[in-house]
Amino acid sequence: MLKILLPTIMLLPTALLSPQKLLWTNTTTHSLLIAAISLHWLLPTYYPHKNLTQWMSTDQISSSLLVLSCWLLPLMILASQNHLQHEPLIRKRTFITTLITVQPLLLLAFSATELMLFYITFEATLIPTLILITRWGSQPERLSAGIYLLFYTLISSLPLLVTILYLHTHIGTLHLTMLKLSHPTLTTSWTDLLLSLALLMAFMVKAPLYGLHLWLPKAHVEAPIAGSMLLAALLLKLGGYGIMRLTLLIGPLPSHLHYPFLTLALWGALMTSSICLRQTDLKSLIAYSSVSHMGLVIAASILQTHWSFSGAMILMISHGLTSSMLFCLANTTYERTHSRILLLTRGLQPLLPLMATWWLLANLTNMALPPTTNLMAELTIMIALFNWSTLTIILTGIATLLTASYTLFMLLMTQRGTLPTHITSLQNSSTREHLLMTLHITPLLLLILKPEMISGIPL
């Protein structure tokens, strides 16, 4: 663990002390090296806790998420080069430093074996994202988006803290390995029901469950590109990961806790997919699509079967890469046309043909076309849900149909059609952007060759 954490922390002086010429090169190469070293966590194993120290260990569930969070830092730095061009050097340094501070926090959150450490790092990731959104967002509405994000997350996660303290007084330890050995303390009485609800609620808001998702489109639309990638690819996964970790501890969930969450998640997947068909704003369309994907993840991780867990894991990883790539693509058009409205940025295929190829690839993976891991994940989750109750196939089936339709709608609106008259000339697409898209799509296409690396099966 330390051989990743220490270089990550040493990225901070790198960002602060590099000369102006080498600032981007140093931080990008260094973080890419860290990402390359972190790949060794992916070796499939049957041991429940590898690299076990007193507070941290990697597991089949957490290792792929850890690698994903290492992998995305260089991509975020690559993506935000263009819009920071004209900023003074100090601001560039602060921007890169905020990006870098998120990574050790995320690594600690995903590998924590102690609930209190998990809670602290889970909450601490909020601060750099808030700074990113409220300082580097592009419109004055970013302040209200920041307030939404802050209050949704805080109000939902304070009950979680209370529950963690309650568990500590009753069991005497918060270590995950010890909690697995102790009897499930939360039984079916009303207080315990409320406590297990409080345990789930913080992660439901983070992952967003439909109905608690209103902060997400706002935050996404206002955030700079790195903030959007961070939110979509990593912070939403904290919610899903928390549900998977903690529901195992509560013991079998009481069924009247099951039903509302499952119905809301599946109904929300359907509703947000249909909301996507009516969006005018490109970024908020992608944001709503990630709500519908994470709905499937929530539904699967509440079921707690092996199939649903592995489906949820694969979907979290593949959705992280896909939606991050879609945000990068939306950002490339935004930097050229300075507009996110779909009507004003249509017909870009003849102007940027290579970008259109990336658009097609990203949209096909978002649609869960074979042979992508998205398809494997969605099928696994659907089968697990169908096994639990046959009626869910109606909801999941309509949701996939709608997913395909809004994805095609997005592709046709941005790439096809007549060019708007106000677009006369555009910059060419740069090598940096192509490299960014390649680094997003190659893991997605390669992972289908060995999906057990990310499926988290040997629990």
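Values in this document were obtained by computation on a predicted structure and should not be read as measured data. (Residues numbered from 1 in each chain as written. Predicted model: local features only at pLDDT ≥ 70, side-chain atom pairs only at ≥ 80, totals over all residues. Heavy atoms only, no water.)

**Some thoughts on the overall build of the chain**
Now for step 1: Check the secondary structure of the chain and you find 18 helices and zero strands.
Now for step 2: A compact globule built from 459 residues should have a C-alpha radius of gyration of about 23 Å, and the chain, at 21 Å, falls within 12% of that.
Now for step 3: Once the C-alpha set of the chain is aligned to its principal axes, its extents read approximately 70 × 55 × 45 Å.
Now for step 4: A total of 459 residues make up the chain; the buried ones form 60% of that total.
Now for step 5: Across the chain, contacts joining residues at least 24 apart in sequence account for 82% of those joining residues at least 6 apart.
Now for step 6: Surface accessibility of the chain: about 18000 Å² in total, with carbon and sulfur atoms responsible for 72%. (Helix = DSSP H or I, 4+ residues; strand = E, 2+ residues; numbered from the N terminus. Rg over C-alpha atoms; globule rule 2.2 N^0.38 Å. Buried < 20%, exposed > 50% of the residue type's maximum accessible area, 1.4 Å probe, protein only. Contact = heavy atoms within 4.5 Å. Areas by Shrake-Rupley, 256 points an atom, 1.4 Å probe, with all protein chains shown as cover.)

**Regarding the pattern of salt bridges**
Now for step 1: Scanning all chains against the criterion turns up six salt bridges.
Now for step 2: Here Arg-340 ties to Asp-281 by a salt bridge, and the two come within 3.1 Å at their closest N and O atoms. Of the two residues, Arg-340 sits in the loop between helix H14 (306-337) and helix H15 (353-366) while Asp-281 sits in the loop between helix H12 (255-276) and helix H13 (282-303), which places them 59 residues apart along the sequence.
Now for step 3: In this structure Arg-340 comes out as buried when scored by relative accessible area, which is 13%.
Now for step 4: Residue Glu-433 is joined to Arg-336 by a salt bridge in which the shortest nitrogen-to-oxygen separation is 3.0 Å. In this pair, Glu-433 sits in helix H18 (residues 431-447) while Arg-336 sits in helix H14, placing the two residues 97 residues apart along the sequence. When sorted by exposure, Glu-433 lands in the same class as Arg-336, which is buried.
Now for step 5: Because the salt bridges share partners, they merge into one network encompassing Arg-336, Arg-432 and Glu-433. (Salt bridge = Lys/Arg side-chain N within 4 Å of Asp/Glu carboxyl O.)

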